[in-house]
Amino acid sequence: MDKRRHIFGYLFIYVLILAGCSNEEKIDNILPISSKSLYDTASIYYAEFDKYPTDLSTLPIGVIDASSEGFSVVEHLLIADYVDNITGALSPDGIPDFGGENFQFLADDANSPYRNYIQNGNVAFLKEQVVRNSLFMMGSSFYNLTVDDFRNGVKERVKAIVLFSNLSVINGMAEVKDLISRSGVDVVVVGAIEAALRNTFEGRSKSDNYCVGVLASSNGVTAREYEETIRRMAQEREMSGSIQVFFQEGTGIKEAMDGVKEYISPDSYVARKDYRGPGLGISYKDIDISLMDRYNFNNQGNNLLRRINLEGEISDIQLNSVENYLRYHIVSIVERHRRSGNKVPLSSIVLADYRYADYKDVLNRIISELYNFKRDGGFLYRESISPEFRFIDPVEEAAKECYLALRKNHSLALRGVGSKLSAFISVFPSDRQLDNKYLRESGSETITYKEVPFASRYVDPSVISNMEKRLPVTYSLLKNTLY
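Analysis parameters
Residues numbered from 1 in each chain as written. Predicted model: local features only at pLDDT ≥ 70, side-chain atom pairs only at ≥ 80, totals over all residues. Heavy atoms only, no water. Phe/Tyr/Trp six-rings, centres within 6.5 Å; stacked < 30°, edge-to-face > 60°. Helix = DSSP H or I, 4+ residues; strand = E, 2+ residues; numbered from the N terminus. Buried < 20%, exposed > 50% of the residue type's maximum accessible area, 1.4 Å probe, protein only. Contact = heavy atoms within 4.5 Å. Core = buried A, V, L, I, M, F, W, Y, C linked by side-chain atoms within 4.5 Å. pLDDT = per-residue confidence, 0-100. Pairing = 2+ DSSP bridges. Axes fitted to C-alpha atoms, helices over the stretch in contact; angles between N-to-C directions. Salt bridge = Lys/Arg side-chain N within 4 Å of Asp/Glu carboxyl O.

Another point: the packing of aromatic side chains. Evaluation of the coordinates by the stated rule reveals 15 aromatic pairs. Ring geometry for Phe71 against Phe105: centres 4.5 Å apart, planes inclined by 50 degrees, an arrangement best described as tilted. Of this pair, Phe71 sits in helix H3 (residues 71-79) while Phe105 sits in strand E2 (residues 103-107), and the two are 34 residues apart along the sequence. Each member of the pair, Phe71 together with Phe105, is buried. Their ring planes at 80 degrees and their centres at 5.4 Å tell us that Phe136 and Phe424 sit as a pair that is edge-to-face. Separated by 288 residues along the polypeptide, Phe136 in helix H5 (residues 123-138) and Phe424 in strand E15 (residues 421-427) bring together distant segments of the chain. Accessibility classification places Phe136 together with Phe424 in one group, the buried group.

The next thing to look at is the environment of Phe379. Residue position: Phe379 is located in strand E13 (residues 378-379). The class of Phe379 is partly exposed, set by a relative accessible area of 37%. Between the alpha carbons of Phe379 and Pro60 there is a distance of 51 Å; along the sequence they are 319 residues apart. Setting aside residues no more than four positions away along its own chain, Phe379 makes contact with Tyr371, Asn372, Phe373 and Lys374.

Here the focus is the nonpolar core. Counting residues in hydrophobic clusters, the biggest one holds 57 residues, and the most contacted among them are Phe49, Tyr52, Leu135, Met138, Tyr226 and Ile230. Broken down by element, the residue count for this core peaks at eight residues, all from H5. The next biggest cluster of nonpolar side chains, apart from the first, holds 42 residues, and it includes Phe105, Tyr354, Ile464 and Leu478.

Turning to helix H8 (residues 192-199), a few remarks are in order. Of all eight residues that make up H8, seven are buried, and the element is covered over most of its length. Along H8, the residues that are buried comprise Ala192, Ile193, Glu194, Ala195, Ala196, Leu197 and Asn199.

Of the residues in the protein, 93% reach a pLDDT of 70 or more, and the chain-wide mean stands at 91. Within the model, pLDDT remains below 50 along residues 8-27, and this stretch shows three contacts once partners closer than five positions in the same chain are excluded.

Okay, the sheet that holds E15 next. A sheet is described by the order of its strands in space; here six strands give the open sequence E6-E5-E1-E2-E15-E16, paired in mixed fashion. In the strand order of this sheet, the two ends are held by strand E6 (188-191) and strand E16 (450-453), each with one partner. Each adjacent strand pair in this sheet contributes to an overall mean axis angle of 20 degrees, direction not counted. Judged from the four bridges that link them, strand E5 (residues 160-163) and E6 form a sheet pairing that is parallel. In the strand pairing of E6, Val162 is matched with Val190. Lying on the sheet, H8 is in contact with E5 and E6; it crosses E6 at an angle near 75 degrees.

With that settled, consider the side chain of Ser37. Residue placement: Ser37 occurs in helix H2 (residues 32-39). For Ser37, a relative accessible area of 1% puts it in the buried group. In contact with Ser37, other than residues within four places in its own chain, are Tyr45, Tyr46, Ala47, Phe49, Leu135 and Leu179.

Here we come to the pattern of salt bridges. Close approach of charged atoms allows side chains of opposite charge to pair. Enumeration over the complete set of coordinates arrives at 34 salt bridges. With its nearest N and O atoms 3.1 Å apart, the salt bridge here joins Arg132 to Glu128. Remark: Glu128 and Arg132 occur in helix H5; sequence separation between them is four residues, near one turn of the helix. Look at Arg132 and you get buried, because its relative accessible area is 8%. Here Lys400 makes a salt bridge to Glu397, at a shortest N to O gap of 3.6 Å.

Further remarks concern the pairing of E15. Summarising burial for E15: six of the seven residues are buried, a large majority. Sheet topology note: the E15/E16 ladder contains four bridges and is antiparallel. When the bridges of E16 are listed, Phe424 appears paired with Pro453.

Structural data, given as structure tokens:
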């Protein structure tokens, strides 16, 4: 009997040890900042998730971007109409999907651009920063001024977090989702680029082979990372078919949209020396003179600049309009597919920079021209472009995903009044200097920046001016708090 008692005693101790190891492993597998927010009541990151409201429906939707450019995303969400608000079907009904919803926006200016953390080999801090931003949105306080030592401002917690920086989605969204799943709070998390990539599977059987293009800005997310994300999603859906991804870095598109003089010059009518966009050459990043009939560049005015040599031949070509940049890059993707010999047509191109979708009409026209392009009596690209081809907009897909997730959770506000918007921006206090913000160590509780209400004193005046011109709904909700 004593022997059996000893055996049971040893077994009991062994089970306790295993349980302890399991709990320790559970904690060790999350970021330190996430662990502190959940378990360390003495940490500045302790989140008090137990104080979250039981009914989330009245809480705002949180939107996070790396800069104030993200206000364009807020504008889109405020006017989005992709869903029938009565039935929940993906069909516009003339009523804004998020009508009556309140929003919070955080422009993480102090810690951007995020690509610099990658370049400095400091992905750990970037992941932590994505979680830190999410904790702020899920928190109930903010700094009124950069000189304040404590967060004395009171704000609402959010019921959804929408991440729009591609780098933050690729490097941190999984950690945010893991934290929220452990917190017991039913906050929705949506990553714009993941929502877009996920949509490439729409309408496909698990055994389908398919090709997809990705047109991305120079934001630090590599072709490999986009492809790995698509393949991971395919594996999660048990897709067994082959997948080929045609990646194109959209050099010059965003710069031309922003009027950067090295990429676009409204006053130039001849080729110039300071041009940095694609030029004539033989690499895949150059303009191929043999494809001029397919580029079909807009030659009106000074949209296209040329340099002619003494023999009267074109020695250089410079793109000088957003449309021509788009033409160059779309043709480049489709032509690479054709030359690859792949018999599976391109089903879609993901517009990995959300501003590209502003030119959806131009993009659709370019694809239509290529689909109908004839050479030697035959359609050159009919095997390269699917008849059901579509451009996929991350903002649109994120809006749909967010709405449907909130509807499923019964967390839509369903208010009969207008929306409200609270905006915040991260800034470095003027009395504190950092040697290199991109080399900050993860795991530290040293406060290097503060989230304060978005105001004109923290941004260039052109930001407010552009908001007033381009984002009327957003500006109308913020104008009384901007100055």
